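Structural characterization, general
Listed here are the chains, written in short residue letters.
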Amino acid sequence: MAINRPKGTQDHLPDGSPKLSLDTRASAFAFVRETARRVLERAGAQFTDTPLFEEAELVQRGVGGSTDIVRKEMFTVYYFGDHGGFILRPEGTAGLVRSYLQNGLKQLPAPLKLWTHGPMFRAENVQKGRLRQFHQVDYEVLGSADALVDAEAIALMTEVVQALGVQKVKVKLGSIGDPEDREAYNAYLRGLFTPHLEALSDDSRDRLTRNPMRILDSKSAQDQELMGTLGVRPMLDFLGEGARAHFEQVRGYLDAWGVNYDVDPSIVRGLDYYRRTAWELHHEGVGAKSALGGGGRYDGLAQELGSKETVPGIGWAFGIERLLLALEAEGVQLPATPGPLLYVAALDEVNVGYAASVARQVRTLARAEFAYRAMKPAAAFRDAERRGARFVALIGSQEVGQGTLSLKDLQTGEQHTVVTRDLQSFLGAQQSSTSPSMQEQP
Ligand code: AMP
């Protein structure tokens with residue numbers, strides 16, 4: 001019996017694969033990562049990486065014991081002799097903040113901007129856009145509570161997405177206030193829901209005692225209906241003076257920079273360590289219930305993870321698969337992966353090694369490929385075209401003897417005779433004369 005990959009995972013495949021879709025195309029993931037790198041590193045973010053598995057305790061405290069992720073979706077790591085105290089990471093923030101604390105990154109100039117990307121794991125019910133191994137791009141800023149940091153983080157998130165060519169995105173922005181504001185809001189919610197216990201779902205009755213704000217996140221139709229009839233006041237109504245001023249400042253910067261957002265009073269993040277700014281990034285094509293990404297300020301997280309001091313922090317993450325679905329929905333064409341600049345084939349078996357050496361020399365300059373056995377000219381041209389090559393060189397004993405090459409440019413159909421020693425400089429000149437920066441501007 002053939003062995004298949006686990007449910008909820010995907011293989012990332014080379015271009016040209018028979019069953020390719022945008023969210024399984026390895027080069028599409030690379031394009032997203034490289035675009036994110038360009039935008040984020042120009043803003044001063046540094047790439048960091050943390051382990052794919054962490055202490056279970058870190059995930060419990062960092063993500064929150066009352067969340068679905070911790071209660072139902074954690075992958076536990078077992079290995080010989082171990083009791084399973086590790087968890088495959090379900091998100092990136094907890095690990096990055098742990099790394100910041102453990103490695104003394106506080107000594108670096110603040111605010112410290114970090115970014116990472118990689119696989120995340122959640123044992124979810126699998127459906128379109130909801131996988132068990134998915135991939136995120138993650139940006140975190142540590143060491144500043146300034147509203148300007150929040151605004152920049154939100155703007156950068158939209159810039160990454162726009163740099164990828166996705167247009168129809170909208171930031172839904174809210175604030176969840178300071179801890180005392182949330183206490184007041186939770187008291188209000190308790191008062192509101194307690195007389196209607198029987199109308200709440202079992203999960204939400206439990207939330208009412210532990211953390212009433214999480215009821216607002218509930219996906220249960222029963223809860224949704226009750227909330228509709230009760231008319232729940234938004235968290236924004238409960239902001240204290242400090243949180244309100246911060247929110248207005250964030251909005252002020254975003255307005256001034258022309259970042260597209262809507263204030264959405266329904267944004268909630270129930271965990272204790274979240275503070276103030278919270279947002280989601282939505283796209284028309286991915287469905288209202290599934291965000292492309294989300295972010296928020298988490299000034300209380302470092303202490304939750306054992307730090308004696310408060311470390312203000314804010315961050316966001318988007319799912320690469322969801323983003324690729326959005327690209328697909330908008331019909332955005334990703335740049336095609338360029339084929340080799342040169343393809344070399346020998347016409348006789350005896351020259352196969354020589355043809356390979358010609359291609360290998362070009363590799364310090366560009367991608368170059370060769371045929372592994374002798375080919376007839378028609379077959380060689382077919383193979384070169386299939387690989388998307390720009391120039392083709394066919395090598396017979398005459399070319400080897402004279403030290404020259406006859407190159408055909410598959411783009412223009414032109415033939416060039418080039419002295420083999422000069423091949424690099426010939427190809428280099430061709431490459432730069434056709435590179436985008438040298439082309440006429442439209
Ligand atoms: P979260 O950490 O839950 O706020 O998720 C941030 C983003 O990661 C979401 O908006 C999605 O784009 C992506 N994401 C979360 N869970 C999944 C999943 N199970 N499958 C695919 N993408 C996901």
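Residues numbered from 1 in each chain as written. Predicted model: local features only at pLDDT ≥ 70, side-chain atom pairs only at ≥ 80, totals over all residues. Heavy atoms only, no water.

The name an unreviewed UniProt entry gives the protein is Histidine--tRNA ligase, with Deinococcus hohokamensis as the organism. As its UniProt record puts it under Subunit (unreviewed entry), the protein is described as follows: "Homodimer." (UniProt positions renumbered as here; feature names shortened; annotations may be inferred.)

1. Notes on the overall build of the protein
Summing up its helical and strand segments, the protein has 15 helices and 16 strands in all. Here the C-alpha coordinates of the protein stretch approximately 95 × 60 × 45 Å along the principal axes. Per-residue burial over the protein gives 50% buried out of 442 residues. The contacts in the protein between residues at least 6 apart in sequence include a share of 69% that link residues at least 24 apart. Of the accessible surface of the protein, which amounts to about 22,100 Å², a share of 50% is contributed by carbon and sulfur atoms. Averaging the locations of the 50 positively and 56 negatively charged side chains of the protein gives two centres separated by 4 Å. (Helix = DSSP H or I, 4+ residues; strand = E, 2+ residues; numbered from the N terminus. Buried < 20%, exposed > 50% of the residue type's maximum accessible area, 1.4 Å probe, protein only. Contact = heavy atoms within 4.5 Å. Areas by Shrake-Rupley, 256 points an atom, 1.4 Å probe, with all protein chains shown as cover. Lys, Arg positive; Asp, Glu negative; His and termini not counted. Charge placed at Lys NZ, Arg CZ, Asp CG, Glu CD.)

2. What about the site of the ligand?
Surveying the vicinity of the ligand reveals 13 residues, the closest of which are Arg122, Glu124, Leu131, Ala291 and Leu292. In this structure, Leu131 approaches the ligand through a main-chain N or O atom, which is 2.8 Å from a nitrogen atom. Here an oxygen atom of the ligand sits 2.7 Å away from a polar atom, N or O, in the main chain of Leu292. Bound to the protein, the ligand loses 84% of the 480 Å² it would expose on its own. (Near = heavy atom within 4 Å. Polar contact = N/O pair within 3.5 Å; in protein donor to acceptor, adjacent residues only side chain to side chain.)

3. Some remarks on empty space enclosed by the protein
For the structure on display, the rule yields two cavities of 30 Å³ or more. Taken as a whole, the largest cavity encloses approximately 100 Å³ of empty space. Ser66, Asp68, Arg71, Lys72, Asp203, Asp206, Arg207, Arg210, Asn211 and Arg214 together form the lining of the largest cavity. Elements supplying a minimum of two residues to the lining of the largest cavity: α3 (68–72) and α7 (202–210). In this structure, the second largest cavity spans a volume of roughly 50 Å³. (1 Å grid on protein atoms, 1.4 Å probe; cavity = no way out; pocket = protein on both sides within 12 Å on 5 of 7 lines; lining within 4 Å. Points joined across faces, edges and corners; volume = space filled by probe spheres on them.)

4. What about the sheet that holds strand β3 (residues 76–77)?
Here we have three strands laid out as an open sheet, ordered β2-β4-β3, and antiparallel in their pairing. Only two strands of the sheet have a single neighbouring strand rather than two, namely β2 (53–55) and β3. Here helix α2 (residues 56–63) sits on the sheet in contact with β2 and β4 (86–88), set at roughly 85° to β2. (Pairing = 2+ DSSP bridges. Axes fitted to C-alpha atoms, helices over the stretch in contact; angles between N-to-C directions.)

5. Quick word on the environment of Phe370
By the secondary structure assignment, Phe370 is in strand β13 (residues 368–370). Spatially, the C-alpha atoms of Phe370 and Ala393 are 9.4 Å apart, while their sequence positions differ by 23 residues.

6. Section: the environment of Gly339
Structurally, the position occupied by Gly339 is in the loop between α11 (320–329) and β12 (342–346). Relative accessible area serves as the criterion here: at 25%, Gly339 is assigned to the partly exposed category. Separated by 195 residues in the primary sequence, Gly339 and Ser144 have C-alpha atoms spaced 46 Å apart. Apart from residues no more than four positions distant in its own chain, Gly339 is found in contact with Arg367, Arg387 and Gly388.

7. Describing the environment of Glu385
Tracing the backbone shows Glu385 in helix α13 (residues 377–386). Its relative accessible area of 55% is what places Glu385 among the exposed residues. In this structure, the C-alpha to C-alpha distance between Glu385 and Leu410, residues 25 residues apart in sequence, is 7.8 Å.

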